[in-house]
There are 2 protein chains.
Amino acid sequence: MSITKGRSVTISDVARTAGVSRAAVSKVIRNAYGVSPAMRERVEAAIGELGYRPSVAARALRGSSYRLGLEIPHVSARFMTQIMEGAKQAVAGTPYQLVLAPAHGPEYDTLESLADGLVDGIIAISPLVDPAWLEDLGRRIPVVMLGRHDHPTGYDTVVGDDIGGTRAIMTHLFELGHRRIAHLTEPEAVTRPGCGTPHAVRLETYRTVMTEAGLADLIQVARREDVPDLARAATAELLASPEPPTAIVAGHDDIAMGVLAEIAATGRHGEIAVTGYDNTDLAAHPLIDLTSVDQQGMEMGAQAATMLLERLQGRTEPRRYRATATLRIRGSSVRSPG
Amino acid sequence: MSITKGRSVTISDVARTAGVSRAAVSKVIRNAYGVSPAMRERVEAAIGELGYRPSVAARALRGSSYRLGLEIPHVSARFMTQIMEGAKQAVAGTPYQLVLAPAHGPEYDTLESLADGLVDGIIAISPLVDPAWLEDLGRRIPVVMLGRHDHPTGYDTVVGDDIGGTRAIMTHLFELGHRRIAHLTEPEAVTRPGCGTPHAVRLETYRTVMTEAGLADLIQVARREDVPDLARAATAELLASPEPPTAIVAGHDDIAMGVLAEIAATGRHGEIAVTGYDNTDLAAHPLIDLTSVDQQGMEMGAQAATMLLERLQGRTEPRRYRATATLRIRGSSVRSPG
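Thresholds applied
Residues numbered from 1 in each chain as written. Chains lettered and ligands numbered in written order. Predicted model: local features only at pLDDT ≥ 70, side-chain atom pairs only at ≥ 80, totals over all residues. Heavy atoms only, no water. Helix = DSSP H or I, 4+ residues; strand = E, 2+ residues; numbered from the N terminus. Buried < 20%, exposed > 50% of the residue type's maximum accessible area, 1.4 Å probe, protein only. Salt bridge = Lys/Arg side-chain N within 4 Å of Asp/Glu carboxyl O. pLDDT = per-residue confidence, 0-100. Contact = heavy atoms within 4.5 Å. Least-squares fit on C-alpha atoms with pLDDT ≥ 70 in both. Pairing = 2+ DSSP bridges. Axes fitted to C-alpha atoms, helices over the stretch in contact; angles between N-to-C directions. Buried area = accessible area lost by both parts, 1.4 Å probe. Polar contact = N/O pair within 3.5 Å; in protein donor to acceptor, adjacent residues only side chain to side chain. Nonpolar A, V, L, I, M, F, W, Y, C, P; charged D, E, K, R; others polar. 1 Å grid on protein atoms, 1.4 Å probe; cavity = no way out; pocket = protein on both sides within 12 Å on 5 of 7 lines; lining within 4 Å. Points joined across faces, edges and corners; volume = space filled by probe spheres on them. Phe/Tyr/Trp six-rings, centres within 6.5 Å; stacked < 30°, edge-to-face > 60°. Lys NZ or Arg CZ within 6 Å of the ring centre and 35° of its normal. Domains from an automatic or database assignment. Right-handed = clockwise from strand over helix to strand, strands pointing away.

Draft legend 1. Representation of unusual backbone geometry. Residues and elements named next belong to chain A. One non-glycine residue, glutamine 296, lies in positive phi territory at about 55 degrees. Note on placement: glutamine 296 falls in the loop between strand E10 (292–294) and helix H13 (297–312). With a relative accessible area of 26%, glutamine 296 lands in the partly exposed category.

What follows is the structure, encoded as structure tokens:
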């Protein structure tokens, strides 16, 4: 979208020439409040001297907001913190500002509100939004979708290696002698087979691996709303069953925290293997010591923001970034007593 | 700001009369994407019938955004999660949407960006922003400031009872026999005496209480950037000192998590009393079991949003909400060995 040939003049060049910060240049370009006349004059002189005409300036003239929106379904989910931090760091130093929109109820409304002049591009984490609707949204505004395994044409995707991560957990538990392994995950709506969410893929992989190992009859799945007390209640039920699991594979670290809480509260800490997913900051805490899968949440957030910035620079062909998954083995995955 | 007399016609009245949801009425008023012609007709008929002219509609005509902005300095701080959830719940069911703006570097830029047409009102958590500047901001847009102990005229404030909360911690530790009590808090910039931040007030109260108890010579203060590894390093230093503390009062739960991590990693879990502040969800976890002060973070977020909505309805005199502080005693505050 730049009209210069060869290496484009950047906002940094303008800042260097004018002897001001990049933020100051950005303020002058978007005509923001708080720019002194002297500052404006210096920056405009540098813009003229360098012939600065990048796409961002072009958009500013058309009324760009210089904001990127991140739609988040659960502000209290710890994995979201990694995504937010990664996106924030990738956007820092650009003229853009990140705004976060917590979804109230249906995510469609939140996404519409963002698209409705609030931001120039959207990072969405909306497991339940219809792909066809998203394709339509992607025609109106640049979109990067986080955590969806489908293959869209009109927007970008950032996903983790949910199959690899789940297989790594299961292999580790088999090696520790576990066979009676239960899976505690999110509700049906986001784990329905084939719906393409990370949690659906993890559940499917769990079932596949158990079946491959000849343990299909020991498959035990519990689904609960992602609230700590419900994870505890589900754990209590699993442990009270006639043939309780010796290992519980939690869909993510927040669920695993509930599992660990229930086990500890009943005086059985260290007796049942527990694994999480996401390797949130808590997993490494010595008092939690949770085996988990590092799926590079910060990097996922940073890549999503970077891909959105690329689209704002003119890229239209869809891209997909798949983060690697690495098992972090810690004390919570104890050996099977059997 | 309403031009009707007596009880104003509300958006709920319009929704009831039109037989549609409040969200649908809001969409029609702000001319949002996705409203069918039939829907628009029904809502406009109801508006005409009832003579609906509330302040929000008036603002919509002037270009209201129907958004409230929450500026947050640290997206990963767990206390922020409480604030965000509380504000989100208070805004749910109104025609407003909450957007969150993580501060990149200087908070002035983030607040300016919010005020610059993005939102109709701002909840700010900016301990380092100049009060005079905030008074100016408050003249341009409704502002609620969270966690500042000053008495502004141009905006509202929501604060906790930092004196009461800290006194409760100290009394509890004295009762357990502790005298050598250290305080680990945030950096100088946000804890400077008299600067009016919650952490400055907690630090000042710690000093006052120690002095009142005749323990002025045992005052020991460590300040670190709020990063888990730095809290661990500070704890290691405190414990390596010639006369190490028997209790560590952390400025908030996130710092306390670092303190607990260092103590556990060196095999001394349960030997040194640790207290936090904010009673985040982790404090009650059986594996953490952290004594902390519940300062009603969700309620603080909800009150801030409610006060902002009141200002948008026309209130101009400043209000202040002070949350109560309640000590939650748990296993981490062990008795002094001495």
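Draft legend 2. View of the pattern of salt bridges. Residue and element names in this part refer to chain B. Counted according to the given criterion, the structure contains 36 salt bridges over all chains. For arginine 140, the salt bridge is made with glutamate 112, and the minimal N-O distance between the two is 3.2 Å. In this pair, arginine 140 sits in helix H7 (residues 131–140) while glutamate 112 sits in helix H6 (residues 107–118), placing the two residues 28 residues apart along the sequence. According to the relative accessible area criterion, arginine 140 is partly exposed, its value standing at 36%. Relative accessible area serves as the criterion here: at 9%, glutamate 112 is assigned to the buried category. Between arginine 315 and aspartate 156 there is a salt bridge whose closest N-O contact spans 2.8 Å. Placement of the pair is arginine 315 in the loop between helix H13 (297–312) and strand E11 (320–322) and aspartate 156 in strand E5 (residues 156–159), with a sequence separation of 159 residues.

Draft legend 3. Seen up close, the confidence of the model for chain A. All names here are of chain A. Scored by pLDDT, chain A has a mean of 88; 91% of the residues are at 70 or more. Low pLDDT, under 50, characterises residues 1–6; the stretch is placed with eleven contacts to residues that sit more than four places away or in other chains. Here residues 54–62 is modelled with pLDDT under 50, and outside its nearest four sequence neighbours on either side it reaches 17 contacts, counting other chains as well.

Draft legend 4. Inspection of the relation of the copies chain A and chain B at higher detail. Note on the identical chains: chain A maps onto chain B by a rotation of 180 degrees and an axial translation of 0.2 Å, with an RMSD of 0.3 Å. Taken together, the rotation and translation relating the two chain copies correspond to the operation of a two-fold axis. Taking C-alpha positions as the reference, the residue of chain A nearest the rotation axis is leucine 100 of chain A, at 2.4 Å. Residue by residue, 98% of the interface of chain A is reproduced at the interface of chain B, so both copies engage with the same surface.

Draft legend 5. Quick look at the sheet that holds strand E7 (residues 220–223) of chain A. All names here are of chain A. Ordered by their spatial adjacency, four strands build an open sheet running E7-E6-E8-E9, and the pairing between neighbours is parallel. The outermost strands of the open sheet, each flanked by one partner alone, are E7 and strand E9 (273–275). In this sheet, adjacent strand axes meet at a mean angle of 20 degrees when their direction is disregarded. As paired strands, strand E8 (residues 247–250) and E9 are joined by three bridges and run parallel to one another. Across the sheet, isoleucine 248 pairs through a bridge with valine 274, a residue of E9. Strands strand E6 (181–185), E7 and E8 of the sheet are contacted by helix H11 (residues 228–240), whose axis makes an angle of about 160 degrees with E6.

Draft legend 6. A look at the interface of chain A and chain B. Contacts between the two partners involve 44 residues from chain A and, on the opposite side, 44 residues from chain B. Interface area for chain A against chain B, summed over the two sides, is near 3900 Å², with a carbon-plus-sulfur share of 59%. Taken together, the connections running from chain A to chain B amount to two salt bridges. Note that aspartate 281 of chain A and arginine 78 of chain B form a salt bridge whose closest N and O atoms lie 3.0 Å from each other. At the boundary of chain A with chain B, the tally comes to nine residue pairs in polar contact (both at pLDDT 80 or more). At the level of elements, helix H2 (22–29), helix H5 (78–91), strand E2 (97–102), helix H6 (107–118), helix H7 (131–140) and helix H12 (253–265) of chain A are the ones that each hand at least two residues to the side of chain A that touches chain B. For the side of chain A that touches chain B, the residue count by class is 24 nonpolar, eight polar and twelve charged.

Draft legend 7. Structural view of empty space enclosed by the protein. Residue and element names in this part refer to chain B. In the structure shown here, the tally under the stated rule is three cavities of 30 Å³ or more. Its volume calculated, the largest cavity comes out at about 40 Å³. Looking at the largest cavity, the residues that line it are Thr166, Ile169, His183, Arg202, Tyr206, Val249, Ala250, Gly251 and Tyr277. Contributing elements (two or more residues each) for the lining of the largest cavity: helix H8 (162–175), helix H10 (198–212) and strand E8 (247–250). In terms of residue class, the lining of the largest cavity is made up of five nonpolar, three polar and one charged.

Draft legend 8. How the structure looks around the side chain of glutamine 303 of chain B. Among the secondary structure elements, glutamine 303 of chain B is positioned in helix H13. Residue contacts for glutamine 303 of chain B: discarding those within four places in its chain leaves Arg319 and Tyr321 of chain B.

Draft legend 9. View of H7 of chain A. Residues of H7 of chain A that are buried: Trp133, Leu134, Glu135, Leu137 and Gly138 of chain A. Here the buried face of H7 of chain A lies against H6, strand E3 (121–124) and strand E4 (143–146) of chain A.

Draft legend 10. Main features of the packing of aromatic side chains. Throughout the structure, instances matching the rule amount to four aromatic pairs over all chains. With a centroid separation of 5.1 Å and an interplanar angle of 35 degrees, the aromatic rings of tyrosine 66 of chain B and tyrosine 96 of chain B are classed as tilted. In this pair, tyrosine 66 of chain B sits in the loop between helix H4 (55–62) and strand E1 (67–72) while tyrosine 96 of chain B sits in the loop between helix H5 (78–91) and strand E2 (97–102), placing the two residues 30 residues apart along the sequence. The side chain of arginine 202 of chain A reaches across the aromatic face of tyrosine 277 of chain A, ending 3.6 Å from its centre.

Draft legend 11. Spatial organisation of the environment of valine 20 of chain B. All names here are of chain B. In this fold, valine 20 is placed in the loop between helix H1 (11–18) and helix H2 (22–29). Valine 20 gets classed as buried once you look at its relative accessible area, which sits at 14%. C-alpha separation for the pair valine 20 and valine 99, spaced 79 residues apart in sequence, amounts to 25 Å. Residue contacts for valine 20: discarding those within four places in its chain leaves Ala15, Val25, Met39, Arg42 and Val43.

Draft legend 12. Looking closely at the domain arrangement of chain A. Residue and element names in this part refer to chain A. Domain parsing of chain A yields domain 1 (11–62), domain 2 (67–160 + 297–323) and domain 3 (162–296). For domain 2 and domain 3, the distance between their C-alpha centroids amounts to 28 Å. The interface is formed by 17 residues belonging to domain 2 together with 15 residues belonging to domain 3. Buried area between domain 2 and domain 3, both sides added, is near 1300 Å², and the carbon and sulfur share of it is 53%. The interface formed by domain 2 and domain 3 holds one salt bridge in total. Residues aspartate 254 and arginine 78 are paired through a salt bridge, measuring 3.4 Å at the closest nitrogen-oxygen approach. If you tally residues by element for the side of domain 2 that touches domain 3, the top one is H13, at four residues.

Draft legend 13. Broad picture of the pairing of E1 of chain B. Residue and element names in this part refer to chain B. Counting buried positions along E1 gives six out of six residues, so the element sits mostly inside the fold. Where burial is concerned, the two faces of E1 agree: the one with Arg67, Gly69 and Glu71 and the one with Leu68, Leu70 and Ile72 are both buried. Here E1 runs beside E2; their pairing, made up of six bridges, is parallel. Bridging from a neighbouring strand, isoleucine 72 pairs with proline 102 of E2. Traced from E1 through H5 to E2, the parallel crossover comes out right-handed.

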